[in-house]
Each structure stands twice: as C-alpha cells, then as structure tokens.
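# Coordinate analysis (summary)
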Amino acid sequence: MRARFLVPALVAALAVGCGFAPRGALKVPEGFGAIAVTAADPYSPLADELRRSLQRAGANTTASAEGAARLAITSESWETRPISVDAFVAVREVETRYRVTFDLVDAAGGKRLDQQTVELTRDYVYEAAEAFGNPGEQEIVQQELRRDMQAAILRRVDLALRAD
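All of the points below concern the structure found in this document. (Residues numbered from 1 in each chain as written. Predicted model: local features only at pLDDT ≥ 70, side-chain atom pairs only at ≥ 80, totals over all residues. Heavy atoms only, no water.)

## Overview of the sheet that holds strand S1 (residues 35-39)
Put simply, the rule reads: Think of it this way: DSSP has to see at least two bridges between two strands before they count as a pair. Each helix corresponds to a stretch of at least 4 residues labelled H or I by DSSP, and each strand to a stretch of at least 2 residues labelled E; elements are numbered beginning at the N terminus.
Taken in spatial order, the 5 strands line up as S2-S1-S3-S4-S5 in an open sheet, and their pairing is mixed. Because the sheet does not close on itself, it has two edges, and the strands there are strand S2 (61-62) and strand S5 (111-125). As defined by bridge partners, S1 adjoins strand S3 (residues 69-85) across 5 bridges and the pair is classed as parallel. Its bridge partner lying in S3, Thr38 is registered against Ala72.

## Side note on the nonpolar core
Our working rule: For this analysis, a nonpolar core means a set of buried residues of the types Ala, Val, Leu, Ile, Met, Phe, Trp, Tyr and Cys, connected via side-chain atoms within 4.5 Å. Accessibility here uses a 1.4 Å probe with only protein chains present; expressed as a share of the type maximum, an area under 20% marks a residue as buried, one over 50% as exposed, and anything in between as partly exposed. Whether two residues touch is decided by their heavy atoms; if any such pair falls within 4.5 Å, the residues are in contact.
Among the nonpolar cores identified, the biggest contains 31 residues, and Leu71 and Ile153 are the most heavily contacted of them. Mapped onto this core, the elements with two or more residues apiece are S1, helix H2 (45-56), S3, strand S4 (91-105), S5 and helix H3 (133-162). Residue contacts for Leu71: discarding those within four places in its chain leaves Ile35, Ala36, Val37, Thr38, Leu50, Leu54, Phe102, Asp103, Leu104, Ile153 and Val157.

## Overview of the packing of aromatic side chains
Cut-off, in case you're wondering: For this analysis, a ring pair means two rings from Phe, Tyr or Trp (six-membered ring only for Trp) whose centres lie within 6.5 Å, classed as stacked if their planes differ by under 30 degrees, edge-to-face if by over 60, and tilted for the remaining angles.
The tally for this structure, following the rule as stated, stands at 1 aromatic pair. Centroid distance Trp78 to Tyr98: 3.9 Å. Interplanar angle 10°. Geometry classified as stacked. Pair noted here: Trp78 is in strand S3 and Tyr98 is in strand S4, with a separation of 20 residues, a long-range link. The class for Trp78 is partly exposed, based on a relative accessible area of 31%. Residue Tyr98 is classed as buried on the basis of its relative accessible area, which comes to 0%.

Nothing here speaks to function; it is all geometry.
Encoded structure:
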C-alpha cells in the first residue's frame, strides 16, 4: 500500500530535482491593454481560435484595432500536393502544407514581434479505394495543423510579451 504512494512521490521529487517544470500558460502583462486579432480573411478560423485563446489567457480582446495592440495575420495559405504515386500513377501519399505570416504591434505602434512566417506540414496516405474517407481525413489534418499553428503563434506572442 505504501509503495503505491511512494513511487509517484519519488518520481515527482526526481522531476523537480532535475529542473523540470511544466510550460507556463500565456500571460499578458497587466498594463498591455486590449489586443485585436486581425486577418486578411474575415472568416479565418485561425483568427477566431486565437481570439478565444487570448481571452482564456486573460487578455482583453477587441474587434477594433483602434487604440489596441494588433496581432495581424497578414497571410494564410494551404497547399496540398502528392508526394508519391503507385505503379498505375495513382496518388498514394499526400502532403498538406499550412503557411501563416503574422506580426504583433502594440497600441503605441511599436513592433513587439516582427513579421514572421510559420510553416507546418503533414503527410498522410491516400486510399483511392476509400474515396469517401479522404476528404474527411484531409479536413482532420487541416484542423490539426490549425491547432498546431495556433499554439506556435501563441508561444511566439508569449515570448514577445515576456521580453519586457
């Protein structure tokens, strides 16, 4: 019975002793003010997800960029291409690439994060015999890439905000 509690306690002590610490959540400085997330595409799911994540982090988000900091998604693009074919020249593997360019400007107009581009890719097997499942699989891959992109952007924003 004691061993059941002793083992997790030892693991926790070793983890703390080696310097391990869980990654901190996004923290917006107290006086930073409101943040507007803008996108070239007004219906961008990525922009919506970024707004919700910033709100969960305690940031005051606003729809208007007037007098607010601005996280601007200047470009967002998807590219899908075949990466392998079989003996009958039918596509067997597909690569989906998601590229986003963004920057962060504070309310005073100062660059907090210079414009940068993040690119993520995923490969998946395309089954020609299961044509009904392939569009659904591509949609799932795109959702995963969008979620990973959101996390990558928020990590960069977090680092830029903690720099001061």
